[in-house]
Amino acid sequence: MKYIFIITAILVIIFISDLMKKRRIKRIIEKEWQEKKSFSIDEPVDSVSTFWKNLGGQRHGVDEVTWRDLSMNEVFQKLNYTQTSVGSEYLYQQLHTIQLTDQDRDEPLYKLMQDNKPLRTRLLYDLKLLGKRNHTNSSAFIHKEYTNIKNVWLYFICGILPIASIGVIFFSMKYGLLSFILSICLNIVIYYTNRRHLDISLYEISYVAGIIRTGKRMTNIKDDSFRPYSKSISRSVEPIRKMLILERVVSLGKGSGDFEGLFEYIRIIFLLDFISYFFIIRMLKENRDKYEALWKSIGKIDAGIAVAFYRRTIGDYCTPDFIGSEELLFEDMVHPLIEDPVKNGSQLNKLSLITGSNASGKSTFMKAVAINAILAQTINTVLATRWTMKPGYVLSSMAIQDNVIDGDSYFKAEIKSLKRIMNIVQSGVPCLAFIDEILRGTNTVERIAASASIMEWLKNYQGMTMIASHDIELTTMVEGFENYHFRETVQQDSVYFDYKIHKGPSKTKNAIKLLEQMKYPRDVTEQAYRLADEFEESGEWKVPKTSITRI
């Protein structure tokens, strides 16, 4: 009777503890969605990028140059409300993968996660139980061939020896004990000699087991709207659910209970890690397609909830419309990384040239268009009130840096970046190219000549191109490019930028006015005005006169 009472008390404590944990997680979920604030932890990029890298960086996805130019890691962090490492890796890959044909782009899933609160809360609870763990490399089991343990029969024999030795004790206490002690010592040596080859893999496998366990929980969800997902997950889980038993074996002794030390010794003495690992890897190899389907299902659901949460936090957004003509129409578009951004609207055709002074907003505008073009074609979400575009791969040449290691100057790095865009354009795939301050790394004459030639070349291929430049000469040199500009006005003590795109080439000449505002010597600014006026009249630069007053 006494033992029944103790067992009952333990079961009650476990039940109450589980109930309190469930309530605590649900309170966190409720708070996140009410306050529109994520409590999810950030993960290192080299961890969340694993799935994308394992895929080999799909051809014509968002490449590394464009990803860096547009600060897409920061955009990803803004979006990353995922609860699991699987979701993070899936979302990171999703933002790299431009979809040209699948027009709904998971929109039914996003709407379901936005509208069905009970289902969303249940899924978030299951996902939070799985949680995040850096460098689990769980997607590697989809692609990588893991080398299994060779000669596993030796581990079987050595693992059985301690049990066989106990049997010998019944016939000879002396030899039985001796063989028992020797077998234990042998297995301890074998374990610690070979365990370093398993430690990382067992760390990864424990998370794989968590993925399977999460899938198993999701199959119990009875919501009718989730039925297609639960059926698919059930088909994936069933052939690999036995792996959970094996994972339980290799996790013995890794907890914090009173008997964990004893369990760890049992694992070591009977070499259970090696034997279980052999069967786990074999099971994953035989059911690789099922594991892949399960991994992607959980990742897709987790990422889908993250997109729904992002839409809730940003407030104003739209789903894009896709058309066949090469034009881009948008209203009230903003940059996702700027606090209190200025909204912009425009209708851009195949070829656009944007001029204007520094800090007027050209680069920010181009990045905003490029980022939203990526979001439109990956998560079907745009930070605008209207967005219409022709699908295409997004390419950029913006934040160019010289490469000391490879010996590339700024200009060489720039022309490499441009050549990569031209190669893809020439291949015939539809694309949207964004080029900021084209060929800024060389002298004026060659820059203008080469820029005009590149612009003329781009006219002959499909795809949209947006170029920003300080060189006003380009606005009249190349036909076919529509001119736009950003402007500023110099006031008494400051410069005012409206950060709005305007039609036509830039007409403002405020650079010298800015020198005046900064109290440059009068002789300098007067001569600058004179030289500029003479160049506009004759088309030639005059030699400056040495009439500047010495101080």
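Above this text is the structure in question.
None of these values were measured; they are calculated from a predicted model.

### Notes on the overall build of the protein
Argument step 1. A count of helices and strands for the protein gives 23 helices and twelve strands.
Argument step 2. In the protein, which comprises 551 residues, the proportion classed as buried is 46%.
Argument step 3. If you take every contact in the protein between residues at least 6 apart in sequence, the share linking residues at least 24 apart comes to 76%.
Argument step 4. With the model as given, the accessible surface of the protein reaches about 28600 Å², and the carbon-plus-sulfur share is 57%.

### With respect to the layout of surface pockets
Space left empty within the atom packing is revealed by a probe, the size of a water molecule, rolled over the atoms.
Argument step 1. A volume near 1200 Å³ is recorded for the largest pocket.
Argument step 2. Lining the largest pocket are 33 residues; nearest its centre among them are His-470, Ile-472, Thr-508, Lys-509 and Glu-536.
Argument step 3. For the lining of the largest pocket, the elements supplying multiple residues, two or more each, are α20 (444-458), α21 (474-477), α22 (511-517) and α23 (522-538).
Argument step 4. No other element matches α23, which puts seven residues into the lining of the largest pocket.
Argument step 5. Among the residues making up the lining of the largest pocket, the classes are represented as 14 nonpolar, ten polar and nine charged.
Argument step 6. In this structure, the second largest pocket encloses a volume near 550 Å³.
Argument step 7. The set of elements that each furnish at least two residues to the lining of the second largest pocket consists of α5 (72-79) and α17 (288-314).
Argument step 8. If you tally residues by element for the lining of the second largest pocket, the top one is α17, at four residues.
Argument step 9. Each residue belonging to the lining of the second largest pocket can be placed in one class, and the counts come to eleven nonpolar, seven polar and seven charged.

### Remarks on the sheet that holds strand β2 (residues 328-333)
Argument step 1. Taken in spatial order, the four strands line up as β1-β5-β2-β3 in an open sheet, and their pairing is mixed. Each edge of the open sheet is held by one strand with a lone partner, namely β1 (321-322) and β3 (344-348).
Argument step 2. Strand direction decides the pairing type here: β2 and β3, joined by four bridges, are antiparallel. Bridge pairing links Leu-328 to Leu-348 in β3.

### Quick look at the packing of aromatic side chains
Argument step 1. Tallying each qualifying case throughout the model produces 15 aromatic pairs.
Argument step 2. Pairing Phe-76 with Tyr-92 gives two aromatic rings, centres 5.3 Å apart and planes at 85°, and the pair type is edge-to-face. Placement of the pair is Phe-76 in helix α5 and Tyr-92 in helix α6 (residues 85-96), with a sequence separation of 16 residues.
Argument step 3. A centroid spacing of 5.4 Å and a plane angle of 25° characterise the contact between Phe-330 and Trp-387, whose relative ring orientation is stacked. Of this pair, Phe-330 sits in strand β2 while Trp-387 sits in strand β5 (residues 386-389), placing them 57 residues apart in sequence.
Argument step 4. On the accessibility criterion, Phe-330 (1% relative accessible area) is buried.
Argument step 5. The class of Trp-387 is buried, set by a relative accessible area of 0%.

### What to know about the pairing of β2
Argument step 1. Pairing of β2 with β5 involves four bridges; the strand directions are antiparallel. Counterpart to Leu-328 in the pairing with β5 is Met-389.

### Structural notes on α6
Argument step 1. Given a rise of 1.5 Å per residue, twelve residues ought to cover 16 Å, and the 17 Å separating the end C-alpha atoms of α6 matches this to within 8%.
Argument step 2. Within α6, twelve of the twelve residues are buried, leaving the element largely enclosed by the surrounding structure.
Argument step 3. Regarding α6, the residues found buried are Ser-85, Val-86, Gly-87, Ser-88, Glu-89, Tyr-90, Leu-91, Tyr-92, Gln-93, Gln-94, Leu-95 and His-96.

Calculation rules
Residues numbered from 1 in each chain as written. Predicted model: local features only at pLDDT ≥ 70, side-chain atom pairs only at ≥ 80, totals over all residues. Heavy atoms only, no water. Helix = DSSP H or I, 4+ residues; strand = E, 2+ residues; numbered from the N terminus. Buried < 20%, exposed > 50% of the residue type's maximum accessible area, 1.4 Å probe, protein only. Contact = heavy atoms within 4.5 Å. Areas by Shrake-Rupley, 256 points an atom, 1.4 Å probe, with all protein chains shown as cover. 1 Å grid on protein atoms, 1.4 Å probe; cavity = no way out; pocket = protein on both sides within 12 Å on 5 of 7 lines; lining within 4 Å. Points joined across faces, edges and corners; volume = space filled by probe spheres on them. Nonpolar A, V, L, I, M, F, W, Y, C, P; charged D, E, K, R; others polar. Pairing = 2+ DSSP bridges. Phe/Tyr/Trp six-rings, centres within 6.5 Å; stacked < 30°, edge-to-face > 60°. Expected span 1.5 Å × (residues − 1).

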